[in-house]
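Remarks on the overall topology
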Amino acid sequence: EVQLVESGGGLVQAGGSLRLSCAASGFSFDDYGIAWVRQAPGKEREGISAIVMYYNITYYADSVKGRFTISSDNAKNTVHLQMNSLKPEDTAVYYCTNFLPTREWPYVRYADWGQGTQVTVAS
């Protein structure tokens, strides 16, 4: 079955950095993309970044562009999200999710989800 396991969350001060990882199994990196989606309490989920692994095509929401970098290690079936210059408004649960890249991100349908990892940025 499909499994997506996030790790790397934690508590950091504003301006700090954190690196999230998404370990994936049960689907091919040749066929799928992986996105990071976050949800803060009382807010709707927000897609923040995505990668189409086979082509190494990356996408970023305006809210994180220039601060976050998504990358993939295809040999290890793992996607990373390097988060720099963190702000308190980045506080959320971060999920990784897969999608078939039949549409341009963010106009995609997310298929499977991990359990999420908490990121807390203190001011």
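Residues numbered from 1 in each chain as written. Predicted model: local features only at pLDDT ≥ 70, side-chain atom pairs only at ≥ 80, totals over all residues. Heavy atoms only, no water.

This part is about the overall build of the chain. Scanning the chain from terminus to terminus reveals zero helices and 11 strands. Going from the N terminus to the C terminus, the chain shows its helices and strands as β-β-β-β-β-β-β-β-β-β-β. Computed over its C-alpha atoms, the radius of gyration of the chain comes to 13 Å, within 12% of the 14 Å expected for a compact globule of 123 residues. Each principal axis of the C-alpha atoms in the chain carries an extent, and together these give about 40 × 25 × 25 Å. Contacts in the chain between residues at least 24 apart in sequence constitute 59% of all its contacts with a sequence separation of at least 6. Counting every atom, the chain has about 6,500 Å² of accessible surface; 46% of that belongs to carbon and sulfur. Charged side chains in the chain number 10 positive and 12 negative. The centres of these two groups are separated by 5 Å. (Helix = DSSP H or I, 4+ residues; strand = E, 2+ residues; numbered from the N terminus. Rg over C-alpha atoms; globule rule 2.2 N^0.38 Å. Contact = heavy atoms within 4.5 Å. Areas by Shrake-Rupley, 256 points an atom, 1.4 Å probe, with all protein chains shown as cover. Lys, Arg positive; Asp, Glu negative; His and termini not counted. Charge placed at Lys NZ, Arg CZ, Asp CG, Glu CD.)

This next bit is on the state of the cysteines. Under the definition given, this model contains one disulfide. In this model Cys-22 forms its disulfide with Cys-96; the gap between the sulfur atoms is 2.1 Å. Judged by the sign of its S-S torsion, about 70°, the bond between Cys-22 and Cys-96 is right-handed. Here the residue Cys-22 occupies a position in strand E3 (residues 18–25), and Cys-96 occupies one in strand E9 (residues 92–99), the gap between them amounting to 74 residues. One exposure class covers both Cys-22 and Cys-96, and it is buried. (Disulfide = S-S within 2.5 Å. Buried < 20%, exposed > 50% of the residue type's maximum accessible area, 1.4 Å probe, protein only.)

Inspection of the secondary structure assignment puts Pro-101 in the loop between E9 and strand E10 (110–113). Assessed through its relative accessible area of 34%, Pro-101 is described here as partly exposed. Considered as a pair, Pro-101 and Thr-78 are 23 residues apart in the sequence and their alpha carbons are 18 Å apart. Residue contacts for Pro-101: discarding those within four places in its chain leaves Asp-31, Tyr-32, Gly-33 and Val-52.

Read from one edge to the other, the open sheet built from four strands follows the order E1-E3-E8-E7, with strand pairing classed as antiparallel. Where the open sheet ends on each side, the last strands, each with one partner, are strand E1 (3–7) and strand E7 (68–73). Put simply, the sheet's adjacent strands are angled 15° from each other on average, direction ignored. Across six bridges, E7 lies against strand E8 (residues 78–83) in antiparallel orientation. Looking at E8, one finds that Asp-73 is bridged to Thr-78. (Pairing = 2+ DSSP bridges. Axes fitted to C-alpha atoms, helices over the stretch in contact; angles between N-to-C directions.)

This next bit is on the nonpolar core. In globular proteins that are soluble, nonpolar side chains generally tend to be buried together. Counting residues in each nonpolar core, the largest one holds 26 residues, and the members touching the most others are Ile-34, Trp-36, Phe-68, Val-79, Leu-81, Met-83 and Tyr-94. Sorting the residues of this core by element identifies E3, strand E4 (33–39), strand E5 (46–52), E7, E8, E9 and strand E11 (117–122) as the ones contributing at least two each. With four residues, the single largest contributor to this core is E3. Core analysis: the next-biggest nonpolar cluster, separate from the first, contains 10 residues, Ala-35, Val-37, Val-108 and Tyr-110 among them. (Core = buried A, V, L, I, M, F, W, Y, C linked by side-chain atoms within 4.5 Å.)

This part is about the side chain of Thr-117. Inspection of the secondary structure puts Thr-117 in strand E11. One polar contact links the side chain of Thr-117 to the main-chain amide nitrogen of Gly-9, over a distance of 3.1 Å. Among residues more than four places away in sequence, those in contact with Thr-117 are Glu-6, Ser-7, Gly-8, Gly-9, Leu-20, Ala-92, Val-93 and Tyr-94. (Polar contact = N/O pair within 3.5 Å; in protein donor to acceptor, adjacent residues only side chain to side chain.)

A separate point is the environment of Tyr-55. Topologically, Tyr-55 is positioned in the loop between E5 and strand E6 (57–60). Tyr-55 gets classed as exposed once you look at its relative accessible area, which sits at 57%. C-alpha of Tyr-55 to C-alpha of Cys-22: the two residues are 33 residues apart in sequence and 18 Å apart in space.

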